[in-house]
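Here are the chains, one letter per residue:
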There are 8 protein chains.
Amino acid sequence: MSEDEVNFDWNRRKRIGIGEAVLAQGKSREQLYAIVEAAVRRNASVLFTRLDDQMAAGLPEIDYHAPSRTGVLGSFPAHRIKSSVAIVTAGTSDAPAAWEAQRTLAFNGHEATLIFDVGVAGLHRLLARLEEIERHNVVIAVAGMDAALASVLAGQVSRPVIGVPTSTGYGAAREGDTALSSMLASCAAGLSVVNIDNGFGAACAALRILNT
Amino acid sequence: MSEDEVNFDWNRRKRIGIGEAVLAQGKSREQLYAIVEAAVRRNASVLFTRLDDQMAAGLPEIDYHAPSRTGVLGSFPAHRIKSSVAIVTAGTSDAPAAWEAQRTLAFNGHEATLIFDVGVAGLHRLLARLEEIERHNVVIAVAGMDAALASVLAGQVSRPVIGVPTSTGYGAAREGDTALSSMLASCAAGLSVVNIDNGFGAACAALRILNT
Amino acid sequence: MSEDEVNFDWNRRKRIGIGEAVLAQGKSREQLYAIVEAAVRRNASVLFTRLDDQMAAGLPEIDYHAPSRTGVLGSFPAHRIKSSVAIVTAGTSDAPAAWEAQRTLAFNGHEATLIFDVGVAGLHRLLARLEEIERHNVVIAVAGMDAALASVLAGQVSRPVIGVPTSTGYGAAREGDTALSSMLASCAAGLSVVNIDNGFGAACAALRILNT
Amino acid sequence: MSEDEVNFDWNRRKRIGIGEAVLAQGKSREQLYAIVEAAVRRNASVLFTRLDDQMAAGLPEIDYHAPSRTGVLGSFPAHRIKSSVAIVTAGTSDAPAAWEAQRTLAFNGHEATLIFDVGVAGLHRLLARLEEIERHNVVIAVAGMDAALASVLAGQVSRPVIGVPTSTGYGAAREGDTALSSMLASCAAGLSVVNIDNGFGAACAALRILNT
Amino acid sequence: MSEDEVNFDWNRRKRIGIGEAVLAQGKSREQLYAIVEAAVRRNASVLFTRLDDQMAAGLPEIDYHAPSRTGVLGSFPAHRIKSSVAIVTAGTSDAPAAWEAQRTLAFNGHEATLIFDVGVAGLHRLLARLEEIERHNVVIAVAGMDAALASVLAGQVSRPVIGVPTSTGYGAAREGDTALSSMLASCAAGLSVVNIDNGFGAACAALRILNT
Amino acid sequence: MSEDEVNFDWNRRKRIGIGEAVLAQGKSREQLYAIVEAAVRRNASVLFTRLDDQMAAGLPEIDYHAPSRTGVLGSFPAHRIKSSVAIVTAGTSDAPAAWEAQRTLAFNGHEATLIFDVGVAGLHRLLARLEEIERHNVVIAVAGMDAALASVLAGQVSRPVIGVPTSTGYGAAREGDTALSSMLASCAAGLSVVNIDNGFGAACAALRILNT
Amino acid sequence: MSEDEVNFDWNRRKRIGIGEAVLAQGKSREQLYAIVEAAVRRNASVLFTRLDDQMAAGLPEIDYHAPSRTGVLGSFPAHRIKSSVAIVTAGTSDAPAAWEAQRTLAFNGHEATLIFDVGVAGLHRLLARLEEIERHNVVIAVAGMDAALASVLAGQVSRPVIGVPTSTGYGAAREGDTALSSMLASCAAGLSVVNIDNGFGAACAALRILNT
Amino acid sequence: MSEDEVNFDWNRRKRIGIGEAVLAQGKSREQLYAIVEAAVRRNASVLFTRLDDQMAAGLPEIDYHAPSRTGVLGSFPAHRIKSSVAIVTAGTSDAPAAWEAQRTLAFNGHEATLIFDVGVAGLHRLLARLEEIERHNVVIAVAGMDAALASVLAGQVSRPVIGVPTSTGYGAAREGDTALSSMLASCAAGLSVVNIDNGFGAACAALRILNT
Ligand SMILES: Nc1ncnc2c1ncn2[C@@H]1O[C@H](COP(=O)(O)O)[C@@H](O)[C@H]1O
Ligand SMILES: Nc1ncnc2c1ncn2[C@@H]1O[C@H](COP(=O)(O)O)[C@@H](O)[C@H]1O
Ligand SMILES: Nc1ncnc2c1ncn2[C@@H]1O[C@H](COP(=O)(O)O)[C@@H](O)[C@H]1O
Ligand SMILES: Nc1ncnc2c1ncn2[C@@H]1O[C@H](COP(=O)(O)O)[C@@H](O)[C@H]1O
Ligand SMILES: [Mg+2]
Ligand SMILES: [Mg+2]
Ligand SMILES: [Mg+2]
Ligand SMILES: [Mg+2]
Ligand SMILES: [Mg+2]
Ligand SMILES: [Mg+2]
Ligand SMILES: [Mg+2]
Ligand SMILES: [Mg+2]
């Protein structure tokens, strides 16, 4: 009976250019220990996402960053490519997914510019930053509820725009499903989308572009 | 056995200030004939909504308007109050609900300004009309898919804004449900909403405001 | 790297006539502190909604009101316009959204009449109050489950009626979705609707009417 | 290989007191022919529901009633018990389900009183009939969209009230799902419910009561 | 400003034959106190449903019954009508809704026979009790997950059968929605249904029958 | 530019023991022609499923069977293994999926016993056949609406039972979703399920068992 | 009044070849005690599933296994049939359902091979094990989120493949519903499916095959 | 009253690098005529998508391509950039969305390689093309039902992968929703997604990348 619950995909970075990452949420304490141990044994760097602070507290090997709920085992790349990605959020509550994207990019050697709380309810805040945003190679638009920010942004900039719908709000926000469908049905052409709250996925999509 | 299928609410206009209307969709030819007959007998004016042209063709007493799918039995008010309502649409496909609102307002004695196809994918189209829109007493925002127009509009004008989500688009547009939820979860304060494609309802909500 | 998570829309009151409000739910303690600090620095008044008592306890600058889960930083307007809004609830459990509407109106200078627990299961309770309700300029109908109150009310009064579906009940009440769809599909003409439990939004929609 | 697609439950009337009925919708022409043939062979009476007129045209043995989309093979009971059931509808469009209930009762030997188009948008129409309704042993409330009629009715009469949600309306009416959930989550105590548009089922539930 | 959050429907028992009941879930401690106080003042009996034990502990005036999560303020009827209702459950986990029905009947003067855990996975358990069940005037069928019990039961007994879908199970059980839809779409004729876990509602529907 | 729209998986039968099948629904006339041509060129046998009669009429090479909506290109196996599978349906309307399963088995060399219309509303019909069903190696249970047949069957026989939920019924039957969820949440242990109306898939699952 | 909440189906193993099992989740402490007592009285072996560790701690008669959340009362079969089932998981987080399947098989006398964490994101991990998997009589594929593992596996092996969708992931994973629908709509022929996280059900389906 | 229903966003290509496109579906014949006329007047090129052949037949100015349901008014760019995009489909039925992407790219000056029918049910078909796919700058993965192709592909290639879920299949395929959620919840990192059947959107997202 073969019963080893963990089986890393160690050659992922070589194959697709993105370092190994572990979705901590939904794993038991025992499983996370086994993962850390396996990585330490191989002297590998691993990014942990959706890691809550209680879990992180029991894993001293991990460098934890609370606002993004990410942890890094091993070291960040010594050198980071400057500001090729703009991460833009609609509201303050969208910050965690934005930080998750920023940390994933950093873990893979890229800096990012963070522009928070420029949702369309007060449109001037966004319009004032459009030129700055356009100067980046990739734009990540993080927004919940109506997610109107992503449509306005994709209508104004020419860069690849990756939407991250977030689970902010209540009622008809439907835990991010409204923002998700709203981005998918956007009137702006060529907005592509990742899972709800998935700052990690947006960063990986950006990395695929930056690596090409 | 009492079996009269139609039972009008004749004192509605007196009670709530809005004329009798009949939702034609879902009624049989026989039922529509009976309704017309009853109204003619009382010499009453009635607005028919969601009336398709085949149905209308069989009802010569009715003055039919195809783009709005409405018909009027009897006469419009002799005098209309000028341009107190702005009806704004995001795309060309949203026109039917806008026309339905316009016709309902006309049937109840109010003119409206129609501003079509100013969705946020090309933001400049909307920004150019904001001042004009603000000069009206009530704004009706008609938009499908992401419905971002309604959020941007409600964030920029101070007037009552009534959102009409439309069933345009496909896939994640979910026959108007995405636009509906998006408007309900809007980041702009004080946007109120009616049913999908319900230009009639938006006009009635506007009438309640104008009558107060 | 620009990383300031909070970016107020300070000229909102000037632009649309409604004071700045913060949705506390979904924000971290650190973010709420930053918001309070920024507002205090500008000497600005801010309304906090969906603020639970634990959060409120850590923010002594805020004047907290438990039944509505709202807090006010700064001062209420010195003078309030008298009783232009009637807030009517179907059941006792709908009270929090009603209080949220009342507090939002007060924060923006308007009094409201609160009429609780007059749901249609005991119709006489509502019929007894209809005349009184009709004397207000705007009616807010707060109801969960079948939300029949909103339909009956909008069928009887001529005033603008804004429905607030609530998340009371269980099972087929679907956390407010049934009340929401029920209000949207109401047989009464011109009922407009805001998000589930969104007393704040209903009050803002009322303010747009009262300010016009 | 046994391949006879039809296998009647002939002793149903004896077992549960309700005559055999066939849901025509979803059956092929060949299957309906086989069913008619089998029934004729046994000299049995059968009620067909949801039978469209094209189907009915090909089945001359069946006595077809278009408004209810029902057909009867064989004979109705010679004697009908008088007016023990009141069937009440909210709107004109709800008539088909009401007729289906009426025909099912007739097929099983019971008369019914039909009261159409007394929805709560014009409440006086219903209030005027309450006493009459209360005089029946069972009440069937047929309503779509918000289905508020059922709640108001069950709050005012003491009789068993069986709700039939209907698929009238559009958008948030969700093809009857809103009416269904609204009735299930009704604020009135002891309202029981059958499937959307299921006048047949409501009549059968009434028959179980009347037979007890 | 009228601000009394509680407004009893005191003449309900006289009007529809069912005593006043309060849905405790979703009410604050303060609201429950106010309700108890109002009832005590009037010397009225009230049934509390969905009352958790922590809430109950703070309300010593109430006679609490944990398995049904109900509490009674005041007294039960001195005399109970014998065993007119059979309450049948599919599994052990369905017991709470069954008890809620039993307590509601008792509060309104009727005894009930409880038959637990006779789901169709072991069909013989149910077949052995069919004759006994048929001897009651009303049958309440309590079942979750596939809710097959209700269909089998309604196919075998001639009595009114009221289905109570329950929220037992996980995954595709969808917190009772599968059982609910399954009962509504039952192949058995004349099964009527109440809300998920709503033993109270089923009992009230039974009372309407028993009172007729 | 490589643009050949069809690319067969010719070694499927060798790899997994099931012959090549084509889902006709959703393919254009041109695509179906190309498929037939490619198969004829290789002298291969192919099963077409969900092929409507209009499509079939244009493809004379195919041997069409209307009740199952299947067509066969090439020849059936000369020899069929006798009656190892029992296919049981709840109602007459479930026949198409049953026939699809029967044809798929025949195409792959296995006979099946078809037992129609033994749903649990008239339980005796099923009980009378249980012993016969148990004598087969695999049981396919085809049922829509509440799908109670599958639960009762899996509770009584020891054989592998594969459920095929069907899209019969209306309203809460939700085009087969209720039957699907009901089977997945079945109280009977070890019932496995395939897609709605997927007689083809159930037959393939049976073939995997029979081939082992 | 009969009030015994527990009523075992003791002859299940004899009837369908699978030992008695109890779904602990959703049962009260009192009910679980009563079940243990009844089983001990009869000297019967019982498998408890979805038993959390707090519940288990109060039931010392039960042999608890935390990773699978199962407990066994009584003894395992002395002899186990060797490795007839391969249980394959996509990720580490899918382990609990895999363990539940393994324990259910062991309780009924069968060993299983566990192959963890071979999801298709790193396809080589799965391809390396295909031959080994094919050597088993039944394959259980455990996967959440996109559940692509099940499709790839069923496309490559000829054995019966039973899919267990899991509730891992977040957002669009929809607590297992995406994996469930994905498996049901799989492009691979003859994959059958059980409820979300239902390792127990998959094992029972395997037992029905192994027992035939 | 301003009533011009069409209002082009003519400077879109200059602003975001993508030519004007019109979603034909949902527009009336009159509206399409007006759009063609306006474009002809300005001598502008326009791409029409989701244009059915009946509509196209009435618009002789448009160059129609049936498999993609697109039409072009005006001319394609004289020069096309060679094969920078690979468009890969899982099945033959996914071809229309693939062709829509190909046409959109051509309209904007880019060639594409089309690789059809390489779904994972016959994995070898895809593995044989992986190296070829990797040589392109962007990959568009078109797949319905389980959409497993997109996950496998994104796990094997390093390029930006844009998923287009399609509405092929039936039942649990849920008109593309399963494929959509499956891609969003993919176990492969950095897959981004557009709306169901939205080949146009995927091409636009690719253009944003190619233009950067
Ligand atoms: N397009 C529409 N959408 C929503 N409600 C409508 C529409 N047209 C008419 N109504 C209302 O629907 C009610 C339907 O009642 P009835 O004609 O009795 O079925 C009318 O009284 C109108 O107030
Ligand atoms: N468990 C229950 N399920 C459904 N309705 C209930 C339940 N318990 C009480 N009710 C009813 O719900 C109404 C709620 O009103 P309130 O107490 O004003 O919130 C009461 O009048 C009861 O008729
Ligand atoms: N009725 C059906 N339901 C589900 N899958 C089917 C059906 N008929 C054929 N298939 C499978 O669907 C796949 C579709 O592939 P294609 O023909 O390339 O679109 C085939 O390989 C079959 O295994
Ligand atoms: N197939 C398509 N899917 C999604 N969006 C599209 C499609 N075709 C065109 N569009 C976009 O939809 C917008 C619709 O605008 P309109 O033509 O004003 O209705 C256009 O500006 C296009 O960018
Ligand atoms: Mg903000
Ligand atoms: Mg446009
Ligand atoms: Mg109350
Ligand atoms: Mg009417
Ligand atoms: Mg049990
Ligand atoms: Mg039948
Ligand atoms: Mg893994
Ligand atoms: Mg294929």
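Everything in this summary refers to the structure shown in the same document. (Residues numbered from 1 in each chain as written. Chains lettered and ligands numbered in written order. Predicted model: local features only at pLDDT ≥ 70, side-chain atom pairs only at ≥ 80, totals over all residues. Heavy atoms only, no water.)

Here we take up the interface of chain G and chain A. Accessible area lost during the coming together of the parts is what is often quoted as the interface size. Between chain G and chain A, the residue contacts involve 22 residues of the former and 23 residues of the latter. Among the residues chain G hides against chain A, the three largest losses belong to Thr92(G), Phe116(G) and Tyr170(G). Together they make up 33% of the total. The interface formed by chain G and chain A includes 1 salt bridge. Here chain G and chain A share 13 residue pairs in polar contact (both at pLDDT 80 or more) between them. The greatest single-element share of the side of chain G that touches chain A, amounting to 4 residues, is contributed by strand S6 (residues 110-115) of chain G. (Contact = heavy atoms within 4.5 Å. Buried area = accessible area lost by both parts, 1.4 Å probe. Salt bridge = Lys/Arg side-chain N within 4 Å of Asp/Glu carboxyl O. Polar contact = N/O pair within 3.5 Å; in protein donor to acceptor, adjacent residues only side chain to side chain. Helix = DSSP H or I, 4+ residues; strand = E, 2+ residues; numbered from the N terminus.)

With that settled, the discussion passes to the relation of the copies chain G and chain A. Once turned by 90 degrees and shifted 0.0 Å along the axis, chain G lies on chain A with an RMSD of 0.0 Å. In short, the pair behaves as if placed about a four-fold rotation axis. Within chain G, Arg174(G) has its C-alpha nearest the rotation axis, a separation of 8.3 Å. (Least-squares fit on C-alpha atoms with pLDDT ≥ 70 in both.)

So, about the site of ligand 4. Around ligand 4, the surrounding shell holds 15 residues, and the nearest of these are Tyr170(B), Arg12(H), Ala21(H), Lys27(H) and Thr49(H). In this structure, Asp117(B) approaches ligand 4 through a side-chain N or O atom, which is 3.3 Å from an oxygen atom. A distance of 2.4 Å is found between a nitrogen atom of ligand 4 and a side-chain nitrogen or oxygen belonging to Tyr170(B). For ligand 4, whose unbound accessible area comes to 500 Å², protein coverage reaches 88%. The element that contributes the greatest number of residues to the shell around ligand 4 is strand S1 (residues 21-23) of chain H, accounting for 3 residues. Grouping the amino acids of the shell around ligand 4 by side-chain chemistry returns 6 nonpolar, 3 polar and 6 charged. (Near = heavy atom within 4 Å. Areas by Shrake-Rupley, 256 points an atom, 1.4 Å probe, with all protein chains shown as cover. Nonpolar A, V, L, I, M, F, W, Y, C, P; charged D, E, K, R; others polar.)

Okay, the packing of aromatic side chains next. For the coordinates displayed, the defined rule picks out 24 aromatic pairs over all chains. Ring plane angle 85 degrees and centroid distance 6.3 Å describe the contact between Phe76(D) and Phe107(D), whose orientation is recorded as edge-to-face. Within this pair, whereas Phe76(D) is found in the loop between strand S4 (70-73) and strand S5 (81-89), its partner Phe107(D) is found in helix H4 (residues 95-107), the two being separated by 31 residues in sequence. Residue Phe76(D) is classed as partly exposed on the basis of its relative accessible area of 23%. With 5.7 Å between their ring centres and 45 degrees between their planes, Trp99(G) and Phe116(G) make a pair best called tilted. In this pair, Trp99(G) is assigned in helix H4 (residues 95-107) and Phe116(G) in the loop between S6 and helix H5 (124-127), connecting sequence segments 17 residues apart. (Phe/Tyr/Trp six-rings, centres within 6.5 Å; stacked < 30°, edge-to-face > 60°. Buried < 20%, exposed > 50% of the residue type's maximum accessible area, 1.4 Å probe, protein only.)

Residues and elements named next belong to chain C. Strand order in the open sheet formed by 4 strands is S1-S2-S4-S3, and the pairing between neighbours is mixed. Strand pairing shows two members of the sheet lacking a second neighbour, strand S1 (21-23) and strand S3 (63-65), which therefore form its edges. Neighbour-to-neighbour, the strand axes of this sheet turn through a mean angle of 20 degrees, independent of strand direction. The pairing of S3 with strand S4 (residues 70-73) spans 3 bridges and is classified as antiparallel. (Pairing = 2+ DSSP bridges. Axes fitted to C-alpha atoms, helices over the stretch in contact; angles between N-to-C directions.)

Looking now at the site of ligand 3. Taken together, 15 residues are adjacent to ligand 3, and Arg12(F), Ala21(F), Lys27(F), Thr49(F) and Tyr170(H) come closest. Taken together, the residues near ligand 3 originate from chains F, G and H. One of the side-chain N or O atoms of Tyr170(H) is found 2.5 Å from a nitrogen atom in ligand 3. For the shell around ligand 3, the leading source of residues is strand S1 (residues 21-23) of chain F, giving 3 residues. Across the shell around ligand 3, the residue classes break down as 6 nonpolar, 3 polar and 6 charged.

Okay, the packing of H4(G) against helix H9 (residues 199-210) of chain G next. Residues and elements named next belong to chain G. Put simply, H4 and H9 touch, their axes get as near as 7 Å, and they point 40 degrees apart. Regarding the angle of H4 to H9, the classification is oblique. At the point where H4 passes H9, the crossing takes the right-handed sense. Of the residues in H9, those in contact with Ala 97, Glu 100, Ala 101, Thr 104 and Leu 105 of H4 are Gly 199, Phe 200, Ala 203, Cys 204, Ala 206 and Leu 207. A class-by-class count of the residues in the contact of H4 with H9 yields 8 nonpolar, 2 polar and 1 charged. (Parallel < 35°, antiparallel > 145°, perpendicular 65-115°, else oblique. Left-handed = near helix turned anticlockwise from the far one by under 90°.)

So, on to the side chain of Gln156(A). Checked against the element boundaries, Gln156(A) lands in helix H7 (residues 148-156). Residue classification places Gln156(A) among the buried positions, given a relative accessible area of 19%. Beyond its immediate sequence surroundings of up to four residues, Gln156(A) is in contact with Leu130(A), Glu134(A), Val120(B), Ala121(B), Leu123(B), Arg15(H) and Ile16(H).

None of this, on its own, says anything about what the molecule does.
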